[in-house]
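Commentary on secondary and tertiary structure
Take a look at the letters that make up each chain.
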Amino acid sequence: MRHLLGVVFCGLLTAGIASAADQNTAPAAGWGVEALMANLHQIRSASAHFVELKTIHMLTRPIRAEGTLSYVTPDRLEKITTAPALETIRLDGQTLTGTRSNGDDYTVDIAGHSEIAAMVEGIRSTLAGDLPTLQRYYTIAFSGAPEHWQMDLAPKDRRVREKVDRIRIAGAGTVIDTIAVDEKDGDRSEMTITPDRP
Amino acid sequence: MSLGGRAAILLWLLGLAAAVGVIVFTPFTTDMSAFLPRSPDPAQQVLVEQLRDGVASRLILIGLEDGTPQSRAEISRAMAASLREKQEFALIDNGEGGIGAADQDYVWRNRYVLSPKVTPERFSPDGLRQALDDDLNLLASGLSPLLKDSIARDPTGETLVIVRALAGEGERHVRDGAWVSADGKHALILAQTRAPGFDIDAQELALNDIKQAFSTARQSDEQVRMLVTGPGIFGVKTRAEMKHDVTLYSTIAMGTIVTLLLLAYRSPLVLLLTMVPVVSGALAGLAAVSLWFGFVHGITIGFGVTLIGEAVDYAIYLLTQTSAQSGPRSTLQRIWPTLRLGVLVSICGFAAMLFSSFTGFVQLGIFTIAGLATALTVTRFVLPNLLRANFAGTRGAAFAPALLKIVQQARRWRPILLVLLIVSVAMIAARRNDLWEDELSSMSPVSAADQQLDRDLRHDIGAPDVRQLIVATAPDDETLLQTCERMDAALQPLIKTGVLAGYDSPARYLPSQEMQQARKSAPPDRAALERNLAAALDGMPFRTDTFAPFLDAVDAARQAPPLTRQSLDGTALALKIDSQLLRNQGQSVAVMPLRNVSDPQRVAGALAGIGGSGVTVRLLDLKTASDSLLHNYRREALLLAFLGSGVIAVLLLVYFRSLRQSLVVLTPLAFAVTATVAILTAGHHQLSIFNLFGLLLVVAVGSNYCLFFQRGGLVGEQGTRTVTSLLLANICTVVGFGVLGLSRIPVLYGIGSTVAIGTALSLMAGAILAPRHSEAL
């Protein structure tokens, strides 16, 4: 049985703290994960609307959440959920800050919680185009073409693997449009992202 | 040699052998706390106890700076790994792994007993409904596949409540898997030794382990530097510095004194004879302390030998004043009454120390009294037997007649002495409101730079730099923990209003049995809880079987054996509770550190009425408490000094049966003490408790000079020899103590400078105020 102390906030991430990016970078020759990451690395900031559907075996019906996502280079990520309840999660450097509608605010230093770090970096290092960090936490299976690609991330950390099978990030160009998380117990979440037009 | 002489020497040798025999079996300690007082006030007792042996005294703070953040983190991890294998450490915390597995397990297993939110309402249909709403939001907002398990087992979120309370101690920053300061410039490691802070030997071993671990780990980046601080480290440093200073300065002093005496006597043999009384006295003093206390403190030896240094004077008086014509015996007969009275006066002065609250000073008192009495006896009965009958100490020094002349005409200087006295009194009067150092830190032998480093690292670590404490006492742990819980209830509202930022309480980790029972009976029985849960789940999207693990957990909690201190074994929380839940003189004592108190009055107000029937609750301001502790010691020292002076005055009055004669001795001493205080406090200097003990020595040593002057009759050959012996004795004292005044360590500096200045002034004042030298007694 897993104790949740210390990893209690891990869930924050699997739902996907993610962002879309402006498509202002043309695909480079020799397309692959390195090229994608290099392109993503050029993005300074991005914001998007998201809709997330979660299927959880504990619940008799899926739940739907929506809100906005934003990313500012190099390491700032924010997810504001507007429905069903107002909630803000902000990742700034190594600090994760959460504001909940019931007043249970929290601050976590992710470097002290390797599981949380693994899951946050799945999204953030993708957005930042930071391949070494991403590879520290995940084995990457990359497929597709510049106009439609997908990355399957398999956690390297044993404790994360016990919970999460795979994170799939899909997109076109430097725009991420889906983040799906498949959990070990069959639960699943899929986040659809629509970038805001600048 | 006479039969009596032989007997005296035999007795002396037997005595020495016995003393050595006792000393050989004496344990010597370097426990600095012997110089922390026994205190009658229970709250102060706790303070002293904490300084001595508390968890805070066992902490060593390590900071790594320079180099790259990655290399600092790497070195931190390598050091922590190697230090964790050492027996010396109970805990090594460098931020790896967050809350320890054992602690997680303790909190998780006992959540229904530890959480302050466990009340019957929480398990009612309404309470559960609220919790489940919250859980649903958690799931929706994506609070985790990792959280799902815990939602099923802990839907009311008790673990979160407890973790929040624990984390209230302040979030720490971790980079690259190692704990760092808020600005990221230092990697931090907190080590806790098994041995208490006062066990300097053990602390030194621990420090060596740390240095060793660092020098091995640092090979990955030579740029990284290590800073180490903590009470034990201070102890180690202080002892090393003290040893260094005492060794250095007493070597200088001994060298100078030996050279001086060799010049005066021109005979190494006589030099050795000079040492006979003082060495005998030191051995007897050590044996006496050992028999009285069962142990001798290292500092007692160091200082004791300095204190009975005046016994060197006895031999100097005898040897220098003996001329070939008179021989040692007649000289002894002549100076014996003065010598005897001088020693009596000294003993009266030092006897004041016997009533001190500091064990260390009591030891010093016994040491000096036994030592001086022995030295005097040896000078009287043994030393003459070791000398040839026609022994002559010194050939008349060339300057001696001139010196005598100065002494004889010294009366002329009386007006100047009077002016100096008036100036001194005026200087002291002007400073009367800030004459004394009232900060405990002034007594600390730790340098200002080291104190600053300590404050900085403490700030970085966010650890025990507590100013306000609640100290509660009760006859037993259960009553005490119940008291802590009542204080919890009183303090919680104050946090919301910002009166204080937070506090820590032993009841947080180990609730009273009463509270445990109350929490266990908060949820209804399984059937009722199931009904409440079903009612709460009505209309919610949860599957009905989801919360079976919750029902099981509540059942298990109800049947679990009560938590005791042993339940915490193996957790880091155990260390915490041991620092907060103590036994002291048959009482249970709780120490609750408060954080950032903005209004102590309101805290005290909230606590009013919680004590009663064997239970005391006190809000303690550490700074005020330690300063008032010092204030009390100083008052005590002052009282003892006055007492000693009073006894000396009475002794002289009884001996001389003449106020005038007594004043001839007392006036120069009073002048010397006054002028010394004026000199010591000139500028912005303040008097420390060590200066006060120094003044006691000034009276003890200076009285001897005055007694010789008081006898008058300083004329001719005898007069020459007497003034020479006094000057020689005083130069030895000034040199011996004066070099101690060069030390930066407050206790050495304080006593050294006071005695050097004071005895020189006593000699001058004694000569100036002496009666006319024609009127020999």
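What counts, and at which threshold
Residue positions are given per chain, counting from 1 as you read along its sequence in written order. To label them, take the chains in the order written and letter them from A, then take the ligands in the order written and number them from 1. The model is predicted, so local features are restricted to residues of pLDDT at least 70 and side-chain atom pairs to those at 80 or more, both for listing and for counting; the totals for chains, interfaces and linings are taken over all residues. For the side-chain quantities, the full set of heavy atoms in the structure was used; hydrogens and water were omitted. A run of DSSP states H or I qualifies as a helix once it reaches four residues; a run of E qualifies as a strand once it reaches two. Both are numbered from the N-terminal end. Note on exposure labels: buried denotes an accessible area under 20% of the residue type's maximum, exposed denotes more than 50%, and partly exposed covers the range between, all computed with a 1.4 Å probe on protein chains only. Pairs of residues are marked as contacts when any of their non-hydrogen atoms sit within 4.5 Å. Each accessible area value is a Shrake-Rupley result obtained with a 1.4 Å probe; residue values ignore everything except the protein chains displayed when judging cover. As used here, the term nonpolar core means buried Ala, Val, Leu, Ile, Met, Phe, Trp, Tyr and Cys residues forming a set that is joined through side-chain atoms within 4.5 Å. Salt bridge, as used here, is a side-chain nitrogen of Lys or Arg placed within 4 Å of a carboxyl oxygen of Asp or Glu. Only strands that DSSP links by at least two bridges are regarded as paired with each other. Lines fitted to the C-alpha atoms define the axes, with helices restricted to the stretch that makes contact. Angles between their N-to-C directions range from 0 to 180 degrees. Confidence scores here are pLDDT values: one per residue, from the predictor, ranging 0 to 100.

Regarding the overall build of chain B
- Of regular secondary structure, chain B possesses 30 helices and 13 strands.
- Put simply, chain B has 777 residues, and 54% of those count as buried.
- Looking at chain B alone, contacts between residues at least 24 apart form 82% of all its contacts between residues at least 6 apart.
- Accessible surface for chain B amounts to roughly 32,800 Å². Of this, 61% is attributable to carbon and sulfur atoms.

Some points on the overall build of chain A
- Looking only at helices and strands, chain A has five helices and 11 strands in total.
- By residue count, 53% of the 198 residues in chain A fall in the buried class.
- For chain A, the proportion of contacts with a sequence separation of at least 24, taken over those separated by at least 6, is 44%.

Structural notes on the nonpolar core
- Core analysis: the biggest nonpolar cluster contains 106 residues, and Leu261 and Phe709 of chain B have the highest contact counts within it.
- Take this core: its biggest share by element is 12 residues, from helix α28 (residues 689-710) of chain B.
- In contact with Leu261 of chain B, not counting residues within four places along its chain, are Arg266, Leu271, Thr274, Met275, Ile316, Leu728 and Cys732 of chain B.
- Residues Ile89, Ala117, Ile123 and Leu131 of chain A belong to the second largest nonpolar core, which totals 39 residues.

Remarks on the pattern of salt bridges
- All chains considered together, the criterion is met by 24 salt bridges over all chains.
- Here Arg90 of chain A ties to Glu78 of chain A by a salt bridge, and the two come within 2.7 Å at their closest N and O atoms. With Arg90 of chain A in strand β4 (residues 87-92) and Glu78 of chain A in strand β3 (residues 76-83), the pair connects residues that are 12 residues apart, well separated along the chain.
- Assessed through its relative accessible area of 30%, Arg90 of chain A is described here as partly exposed.
- Given a relative accessible area of 15%, Glu78 of chain A falls into the buried group.
- For Asp555 of chain B, the salt bridge goes to Arg558 of chain B, with nearest N and O atoms at 3.0 Å. Here Asp555 of chain B and its partner Arg558 of chain B are both found in helix α23 (residues 548-559), three residues apart, which amounts to about one turn of the helix.
- The exposure class of Arg558 of chain B is partly exposed, given its relative accessible area of 27%.
- Connected through shared salt-bridge partners, Asp152, Arg166, Arg168, Asp182, Arg188 and Glu190 of chain A make up one network.

Some remarks on the sheet that holds strand β1 (residues 45-55) of chain A
Residues and elements named next belong to chain A.
- Taken in spatial order, the 11 strands line up as β6-β5-β4-β3-β2-β1-β11-β10-β9-β8-β7 in an open sheet, and their pairing is antiparallel. Each of the sheet's edge strands pairs with one partner strand only, and the pair in question is β6 (106-109) and β7 (138-145). Each strand of the sheet is rotated relative to its neighbour by a mean of 15°, with strand direction disregarded.
- The pairing of strand β2 (residues 63-72) with β3 spans seven bridges and is classified as antiparallel. Bridge assignment links Ser70 to a residue of β3, and that residue is Glu78.
- Where helix α3 (residues 114-128) meets the sheet, it contacts β2, β3, β4, β5 (95-100), β6, β7, β8 (148-155), β9 (164-172) and β10 (175-183), and its direction lies at approximately 15° from that of β9.

Some words on unusual backbone geometry
- Looking along the chain, the bond that leaves Thr73 of chain A and enters Pro74 of chain A is cis, with omega of 0°.
- Along the chain, Pro74 of chain A turns up in the loop between β2 and β3.
- With an omega of 5°, the peptide bond running from Ala83 of chain A to Pro84 of chain A counts as cis.
- Mapped onto the secondary structure, Pro84 of chain A falls in the loop between β3 and β4.
- Residues other than glycine seldom take positive phi values, yet Asp66 of chain B does so here, at roughly 65°.

Regarding the environment of Asp199 of chain B
- Residue placement: Asp199 of chain B occurs in the loop between β6 (187-193) and α9 (200-217).
- When its relative accessible area of 30% is taken as the criterion, Asp199 of chain B is described as partly exposed.

Things to note about the environment of Leu271 of chain B
Residues and elements named next belong to chain B.
- Position of Leu271 relative to the elements: it lies in helix α11 (residues 268-293).
- For Leu271, a relative accessible area of 11% puts it in the buried group.
- If near-sequence neighbours (up to four positions away) are discounted, Leu271 is found in contact with Val258, Leu261, Leu262 and Tyr265.

So, the confidence of the model for chain A
Residues and elements named next belong to chain A.
- Residues at a pLDDT of 70 or more form 83% of chain A, whose mean pLDDT is 77.
- Taking the mean pLDDT of every element in chain A, the minimum, 31, falls on helix α1 (residues 11-14) and the maximum, 90, on β8.
- In the predicted structure, residues 1-28 sits below a pLDDT of 50 and forms 119 contacts with residues beyond four places in sequence or in another chain.

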